[in-house]
Amino acid sequence: MNLSERDRAVNWHPYTQMKTADPVIPIVKGQGIYLFDEAGKSYIDAVSSWWVTLHGHAHPYIARRVSEQLHTLEQVIFAGFTHEPAIQLSENLLKLLPENQEKVFYSDNGSTAVEVALKMCIQFACNTGKKKTKILAFKNAYHGDTFGAMSVSGRSAWTQPFGEMLFEVVFIDPPTPENLEETKSMIRKHSDEWACFIYEPLVQGAAGMLMHAPEDLSELMKFCRANCILMIEDEVFTGFGRTGKLFAANYLQEQPDLMCFSKGLTGGTMPMGITTASKHIFDAFLSEDNYKTLFHGHSFTANPLACTAALASMELLLKEETLKAIETISKKHQTFSEQLMQHPKVENVRQTGTILAWEIKNNNHTSYFNEIGKIVYRKFLKRGIIIRPLGNVLYLVPPYCITPEELDTVYKNILEVLTEV
């Protein structure tokens, strides 16, 4: 049997209907923006392997740093112990975040980073003698696939089987000048009951790369702050340069109470999640009463290898050449978006930094299950490009190491595929 057949015999893949799915493509090597299958065919990874690979595949500097760490310390329990990579990573990350972020809590992926933040907010109320149970989130939100993260995500076919098991959340539209006052009025009616407001800043990724303005979000955040509503900023997708700045927070005029990170955190090298918190949150858990402890942890909390990968990735991110590359990608996306806007088969073109999205006109039917997505996906694979549509929504989230010439190749193929659908 070949690798694809062996895989089908034993593996169950994410977000995949295994009965009808195409045979998986066995990848044997990655280098830069390219992935190589067992037949030697190369693919441009235009979506950074689910938005995580910031600097390209098998980056030699990250690999060397992780290898060195592997020979020193691979794992240690993080309850009662610590190590240099975790301390250094926390110090380095906090320097880049809004100034009110003071503490780092480690977990192992984006969903659990969100779970931790939700538990912190709910227990914050409990620890301070208040009963606050209402949670505010955006419609069409996606914060992960564990139960808490699903609960604060928009209700959809993805969550339908678990509907009665998810806790109640009040969903609002992302802010616009037209709906802000109405939204504020609704929130004000229950001002003493909100445990927190969780949101994806500027870009709602899995919802179809839906985008909203930083000015409107800042205004909503300012209102929440005035009403003592804790705010969780989910930067799992938008963090580490994706929006054109280091964090979406850099566009905003208000600071969140907690922030969530994963995906690009380690440059796509190893799984890791981080939840950062303000002193205000942390202090509510300091007590002589052991019952006020945050009872949450993971076996691989602050894994030294993952911390080292994140440190190396962050060093690469802050290099002048990387920051210039992010700026170049953003500018080229902007230019190409203007071209897409004129295309007769395209609508709703939008861009934030290195994230470019557009929709294929398809009887005005926008859905994750729109069959046009599968058709387009296969066409790009034949051309050696990985673009994984969200239904009829196509998007680019390339690694920062992609060259202008390689981006032009991707753009050229996009225009050619559009003529075929």
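See above for the structure.
Given the structure is predicted, the values throughout are model-derived calculations rather than measurements. Numbers given to residues run from 1 along each chain, matching the order in which its sequence is written. For a predicted model such as this one, the threshold for reporting local features is a pLDDT of at least 70, and the threshold for listing and counting side-chain atom pairs is 80 or more; totals across whole chains, interfaces and linings nevertheless cover every residue. Excluded from the side-chain calculations are hydrogens and water; all other atoms, namely the structure's heavy atoms, are used.

Colleague: Describe in detail the overall build of the protein, supporting the description with residues and values.
Modeller: Put simply, DSSP H or I for four residues or longer makes a helix, DSSP E for two residues or longer makes a strand, and each gets a number counted from the N terminus. Helix and strand counts for the protein come out as 13 helices and 16 strands. Against the 2.2 N^0.38 benchmark of 22 Å for 421 residues, the protein shows a C-alpha radius of gyration of 22 Å, consistent with a compact globule. When its C-alpha atoms are laid out on the principal axes, the protein stretches across 65 × 55 × 45 Å. We call a residue buried when its accessible area falls under 20% of the maximum for its residue type, exposed when it is over 50%, and partly exposed in between, using a 1.4 Å probe and counting protein chains only. Going through the 421 residues of the protein one by one, you find that 52% of them count as buried. This radius of gyration counts C-alpha atoms alone. The globule rule is 2.2 Å times how many residues there are, raised to the power 0.38.

Colleague: Break down the side chain of D234 for me, citing the residues and quoting the values.
Modeller: Locating D234 in the fold gives a position in strand β10 (residues 231–234). We score Asp and Glu as negative and Lys and Arg as positive, and we do not count His or the chain ends. Put simply, a salt bridge is a Lys or Arg side-chain nitrogen that is within 4 Å of an Asp or Glu carboxyl oxygen. Although D234 lies buried, it forms no salt bridge, and the closest oppositely charged side chain, K263, sits 9.1 Å away as judged by the N-O distance. Separated by 2.7 Å, the side chains of D234 and H143 make a polar contact. Of the polar contacts made by the side chain of D234, one reaches the backbone nitrogen of V236; its length is 3.0 Å. We call two residues contacting when some pair of their heavy atoms lies within 4.5 Å. Discounting chain neighbours no more than four positions away, the residues touching D234 are V114, Y142, H143, Y199, E200, P201 and C260. Two N or O atoms count as a polar contact when they lie within 3.5 Å, although within protein this holds only if one can serve as hydrogen donor and the other as acceptor, and sequence-adjacent residues are included solely when both atoms are side-chain atoms.

Colleague: Give me the packing of aromatic side chains: which residues, what numbers.
Modeller: Two aromatic rings, drawn from Phe, Tyr or Trp (for Trp, its six-membered ring), form a pair once their centres lie within 6.5 Å of each other, and the interplanar angle then sorts them: stacked below 30 degrees, edge-to-face above 60, tilted otherwise. One pass over the full model with this rule turns up 14 aromatic pairs. Ring centres of F138 and F197 lie 5.5 Å apart, and the angle between their planes is 70 degrees; this geometry places the pair in the edge-to-face category. Placement of the pair is F138 in strand β5 (residues 134–138) and F197 in strand β7 (residues 194–199), with a sequence separation of 59 residues. In this structure, F138 and F197 share a single accessibility class: buried. Residues F247 and F261 carry aromatic rings whose centres are separated by 5.6 Å and whose planes lie at 70 degrees to one another, so their mutual orientation is edge-to-face. Of this pair, F247 sits in the loop between β10 and β11 (258–261) while F261 sits in strand β11, and the two are 14 residues apart along the sequence.

Colleague: Got a sec to walk through the sheet that holds strand β12 (residues 273–278)? Specific residues and values, please.
Modeller: For two strands to pair, DSSP has to find at least two bridges joining them. With respect to topology, 7 strands assemble into an open sheet ordered β4-β12-β11-β10-β7-β5-β6, the strand pairing being mixed. The two strands at the open ends of the sheet, each matched to only one other strand, are β4 (101–107) and β6 (170–172). Looking at each pair of strands side by side, their axes are set apart by 20 degrees on average, direction ignored. In terms of strand pairing, β5 meets β7 through 4 bridges, oriented parallel. From the neighbouring strand, I135 faces β7, where its bridge partner is C196. Between the N-to-C directions of two axes lies an angle of 0 to 180 degrees, each axis being a line fitted to C-alpha atoms and, for a helix, fitted only over the stretch in contact.

Colleague: So what about helix α4 (residues 84–96)? Which residues, and what values?
Modeller: Between the first and last residue of a helix there are one fewer steps than residues, each counted as 1.5 Å, and that sum is the expected span. With 13 residues, α4 ought to run about 18 Å at 1.5 Å a step, and its terminal C-alpha atoms sit 19 Å apart, in line with that. Listing the buried residues of α4 in full gives P85, A86, L89, S90, L93 and L94. Burial along α4 is one-sided: seen end-on, the buried residues are contained in an arc of 150 degrees. Seen from the open side of α4, the exposed residues pointing more than 90 degrees away from its buried face are E84 and K95. Tucked into the core, α4 has its buried residues touching α3 (60–70), β4, β11, β12 and α10 (304–317). The directions from the helix axis to the C-beta atoms form the arc being described.

Colleague: Describe the packing of α3 against α10, naming the residues involved and giving the relevant values.
Modeller: One way to put it is that α3 packs onto α10 with a least axis distance of 9 Å and a crossing angle of 150 degrees. The angle between α3 and α10 places the two elements in the roughly antiparallel class. Of the two elements, α3 crosses α10, and the hand of that crossing is right-handed. In this structure, α3 uses Y61, I62, R65, V66, Q69 and L70 to contact α10, whose residues at the interface are P304, L305, T308, A309, L311, A312, S313, E315 and L316. Each residue belonging to the contact of α3 with α10 can be placed in one class, and the counts come to 10 nonpolar, 3 polar and 2 charged. In what follows, roughly perpendicular refers to angles from 65 to 115 degrees, roughly parallel to angles under 35, roughly antiparallel to angles over 145, and oblique to any angle outside these ranges. Handedness of each helix crossing follows the sense of rotation of the near helix against the far helix: counterclockwise by less than a right angle gives left-handed, clockwise gives right-handed. Each residue is assigned to one class: nonpolar for Ala, Val, Leu, Ile, Met, Phe, Trp, Tyr, Cys and Pro, charged for Asp, Glu, Lys and Arg, and polar for all the others, Gly among them.

Colleague: Describe the side chain of S90, naming the residues involved and giving the relevant values.
Modeller: Locating S90 in the fold gives a position in helix α4. Given the relative accessible area of 15%, S90 is considered buried. Excluding anything up to four places from it in sequence, S90 contacts V104 and Y106.

Colleague: Could you give an account of the nonpolar core, with specific residues and numbers?
Modeller: Throughout this description, the term nonpolar core refers to a set of buried Ala, Val, Leu, Ile, Met, Phe, Trp, Tyr and Cys residues connected via side-chain atoms within 4.5 Å. Residues L89, F240, L340, W358, L396 and I414 are the most contacted members of the largest nonpolar core, which totals 50 residues. By size, the runner-up hydrophobic cluster in this structure holds 34 residues, among which are L136, L202, L220 and F237.

In short, the description is geometric, and any link to function would need to be established separately.
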